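One-letter residues, chain by chain:
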Amino acid sequence: MQTKRSIFTNRWLPYVLLAPQLIITLIFFIWPASQAVTSSFERQDPFGFRTTFVWFENYTRVLSDPSYANALWNTAVFAFGVVAVSMGFALLLAVCVDRAIRTARLYTTLLVWPYAVAPVVAGVLWWFLFNPTIGLLPYILEGFGYDWNHRVSGGQAMALIVIASAWKQISYNFLFFVAGLQSVPASLSEAASIDGAGPFKRFWTIIFPLLSPTTFFLMIININYVMFESFGTIDATTSGGPGQSTTTLVYKVYVDGVAGLNIGSSSAQSVLLMGIVIFLTFIQFRYVERRVNY
Amino acid sequence: MASIKISSVRKVYPGNVEAISDLNLDISDGELVVLVGPSGCGKSTLLRMIAGLESITAGEVRIGDKVVNKLEPAERDIAMVFQNYALYPHMSVRQNLEYGLKNRRTPKAEIEQRVNEAARILEITRFLDRKPRQLSGGQRQRVAMGRAIVRQPKAFLFDEPLSNLDAKLRGQMRIEIKRLQRSLKTTSVYVTHDQLEAMTLADRLVVMNAGRIEQVGKPVDLFERPASLFVAGFIGSPPMNIFELATLRQLPGTTLPASIPAKADLVGIRPEALRLEEPAEPFIALEGTVELIEPVGGESHVYVNLNGIETLATVVVQGRLAEGEGSHIKLFMPASALHSFVSETGQRVE
């Protein structure tokens, strides 16, 4: 394949054009990341006067801390919940919109709106809806005899952050699924219906396998979202509580570093988190992508 | 195997767009009927209505003795070959062939046997374990055919199956489809816009225009006795020359043959029927200059600028024309080769 190539006669122009992006990446990503790596090997005294190099002590401490294991488990539950709920709902909505002919564009536009909402705002919104004292949903649930109080129940708190985080991500997943569905030729579905497959069978044997590249891509994106971007939602809804039941890895990084001022441990955790995400992505590319069809 | 009976079928799309109006067509058991017409004439819509992919606004479609209007495509027991083949890209060729049988809960041993048989007939046994993307256009076409024949359906529906192939392969596959259909004797409806394909494949040809049937008949009959100006222009390549009788009358020294009906105001003549020498029967003579010569293998297409007539006349000459471009030429229209039409209705008159 031939690629379009621009040739700059001015030697400095390309560098000038690249500079803004490079500077932003350097200041906001590379520099803090490298600082995190350095400080993960250091310990500060309580007053911040002295830092000592402690090798891997921060890491060993974190890894032997039961609350870290708890956060790891919470993250796994949270990640599974958000990925399953957001992708499941998104796919369902996308299939519905794909079937609607006249108003498909309107639905698409409306369904994308939540994506424009900031995580904290989404958190506050669901915090209000699920507020045990003034919220609408606990009131309705009470009518069914169900007592909702996520300030007390860890399981309900987890459900709350899953719903709040998934809700925001549904829009994003939905857009990709709609695009994915539209790229599956209608004739395939028609051929399958002539071949005697009902609507459900058609979906699971023909359309869903052909969507697998989209599904795979979204899975990676969603796991990254869960790992990093869910902080705002959690902070605004449960603040990691009750009793650390919704403290995920990224939230623990914040709690230990910003609230607890244990920079060393927090940095070690952030480096570990990065490692986990890289590892997961690697695993996915290595094993899941092989099964991705066509 | 079954006949297909289409009675008073209409198709109206939302917004009151009538794609097909009051169409009747009987297709007998084992027959290969070709629907041909320009794009937008409703031929694909009609096929999709038979398949059940398109709802029927009014009228009745019968396959065998069963009215199928309300049946799902799967329940109609037909197989369709799509223009883009519509092979399932994530399945191997074998899985593609098996899919329809598995959905119908055919016993495993029978599936195996039928798939192998179909693969043998179509010579795709070697590719059974490949994915469609690893196949060439012609091989994909065979797989699409295979998927139709393993099911042993009541009817085959073909929706322009050869239009994505190059000219040489198209000719080859055309012959194979015809041979296959002859040996299987399965009722087939074949849609195409290619009139050569239509002429060569059809047991019976249906020429459609603007949602209506213009003429139904054997390809040779349609060629020799087109019922309307539309059919005359659509069947045959290069198309028929049409002249206004009023213009011909004014040409110096012309007497029109008595065989032309009084009602007619247009006459047509096939490019192959125009003579360079005076025929023994009554004729109309024309004169003109050779505008362009297209050598087409064994014959030449000659375009002649006639004196006193605005449109170019097309003549098919066997071999090569002795005269070159720009030279003066005389043409003769034998009375027996003339087709007479009424311009107002567009219909043929005898």
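Residues numbered from 1 in each chain as written. Chains lettered and ligands numbered in written order. Predicted model: local features only at pLDDT ≥ 70, side-chain atom pairs only at ≥ 80, totals over all residues. Heavy atoms only, no water.

Where an unreviewed UniProt entry is consulted, chain B appears under the name Sn-glycerol-3-phosphate import ATP-binding protein UgpC, with the organism given as Devosia pacifica. Under Sequence similarities (unreviewed entry), UniProt gives the following word-for-word description of chain B: "Belongs to the ABC transporter superfamily." Among the UniProt annotations of chain B, the heading Subcellular location (unreviewed entry) holds the following wording: "Cell inner membrane". (UniProt positions renumbered as here; feature names shortened; annotations may be inferred.)

Per an unreviewed UniProt entry, the recorded name for chain A is sn-glycerol-3-phosphate transport system permease protein UgpA, and the organism is Devosia pacifica. One UniProt comment on chain A, placed under Sequence similarities (unreviewed entry), says "Belongs to the binding-protein-dependent transport system permease family." What UniProt records for chain A under Subunit (unreviewed entry) is the sentence "The complex is composed of two ATP-binding proteins (UgpC), two transmembrane proteins (UgpA and UgpE) and a solute-binding protein (UgpB)."

A. Just the overall build of chain A, in detail. A tally of regular secondary structure across chain A gives 13 helices and two strands. In chain A, which comprises 294 residues, the proportion classed as buried is 39%. In chain A, the proportion of contacts linking residues at least 24 apart, taken out of those at least 6 apart, comes to 67%. Carbon and sulfur atoms make up 69% of the accessible area of chain A, which amounts to about 17,500 Å² in all. In chain A, 17 positive and 13 negative side-chain charges are present, and the distance between their average locations comes to 11 Å. (Helix = DSSP H or I, 4+ residues; strand = E, 2+ residues; numbered from the N terminus. Buried < 20%, exposed > 50% of the residue type's maximum accessible area, 1.4 Å probe, protein only. Contact = heavy atoms within 4.5 Å. Areas by Shrake-Rupley, 256 points an atom, 1.4 Å probe, with all protein chains shown as cover. Lys, Arg positive; Asp, Glu negative; His and termini not counted. Charge placed at Lys NZ, Arg CZ, Asp CG, Glu CD.)

B. Spotlight on the UniProt feature "transmembrane region" (unreviewed entry) in chain A. Residues and elements named next belong to chain A. Mapped onto the present numbering, the UniProt feature "transmembrane region" (unreviewed entry) falls at residues 12–31, 71–94, 106–128, 203–223 and 271–288. Secondary structure content for residues 12–31 is 95% helix and 0% strand, and the end C-alpha separation is 25 Å. Secondary structure over residues 71–94 splits into 100% helix and 0% strand, and the C-alpha atoms at its two ends are 33 Å apart.

C. Local environment of the interface of chain B and chain A. The interface is formed by 24 residues belonging to chain B together with 20 residues belonging to chain A. Buried area between chain B and chain A, summed over both chains or domains, comes out near 1,700 Å², and the portion from carbon and sulfur atoms is 59%. The tally of links between chain B and chain A comes to two salt bridges. Across the salt bridge formed by E190 of chain A and R48 of chain B, the nearest N and O atoms sit 2.7 Å from each other. Across the chain B-chain A interface, the total number found is 14 residue pairs in polar contact (both at pLDDT 80 or more). (Buried area = accessible area lost by both parts, 1.4 Å probe. Salt bridge = Lys/Arg side-chain N within 4 Å of Asp/Glu carboxyl O. Polar contact = N/O pair within 3.5 Å; in protein donor to acceptor, adjacent residues only side chain to side chain.)

D. Geometry of the domain arrangement of chain B. Residues and elements named next belong to chain B. Segmentation of chain B into domains returns domain 1 (4–234) and domain 2 (242–349). Between the C-alpha centres of domain 1 and domain 2 the distance comes to 38 Å. Contacts between domain 1 and domain 2 engage nine residues on the former and eight residues on the latter. Each partner contributes to the roughly 800 Å² buried at the junction of domain 1 and domain 2, and carbon and sulfur atoms together form 56% of this total. The largest contributions to the domain 1 side of the interface with domain 2 come from F223, P226 and L229, which together make up 56% of the buried area. For the pair domain 1 and domain 2, the interface holds zero salt bridges. Between domain 1 and domain 2 we count four residue pairs in polar contact (both at pLDDT 80 or more) in total. (Domains from an automatic or database assignment.)

E. Spatial organisation of the UniProt feature "domain: ABC transporter" (unreviewed entry) in chain B. The positions that UniProt labels "domain: ABC transporter" (unreviewed entry) are, in the present scheme, residues 4–235 of chain B. Here residues 4–235 of chain B runs as 37% helix and 26% strand, with 25 Å between its end C-alpha atoms.

F. Seen up close, the sheet that holds strand β18 (residues 348–349) of chain B. All names here are of chain B. Pairing is antiparallel in the open sheet, where four strands are placed in the order β11-β12-β17-β18. Only two strands of the sheet have a single neighbouring strand rather than two, namely β11 (241–244) and β18. Bridging between β11 and strand β12 (residues 266–269) involves four bridges; their strand directions are antiparallel. Looking at β12, one finds that E244 is bridged to L266. (Pairing = 2+ DSSP bridges.)

G. Up close: the pattern of salt bridges. Residues and elements named next belong to chain B. This model, assessed by the stated rule, comprises 18 salt bridges over all chains. K5 is paired through a salt bridge with D26; the nearest N and O atoms lie 3.3 Å apart. Of the two residues, K5 sits in strand β1 (residues 4–13) while D26 sits in strand β2 (residues 17–27), which places them 21 residues apart along the sequence. For K5, a relative accessible area of 37% puts it in the partly exposed group.

H. Molecular detail of helix α1 (residues 43–51) of chain B. Residue and element names in this part refer to chain B. Where burial is concerned, most of α1 is hidden: eight out of the nine residues are buried. Turning to α1, its buried residues are K43, T45, L46, L47, R48, M49, I50 and A51. Looking one or two residues beyond α1, the residue adopting positive phi is G52, at roughly 95°.

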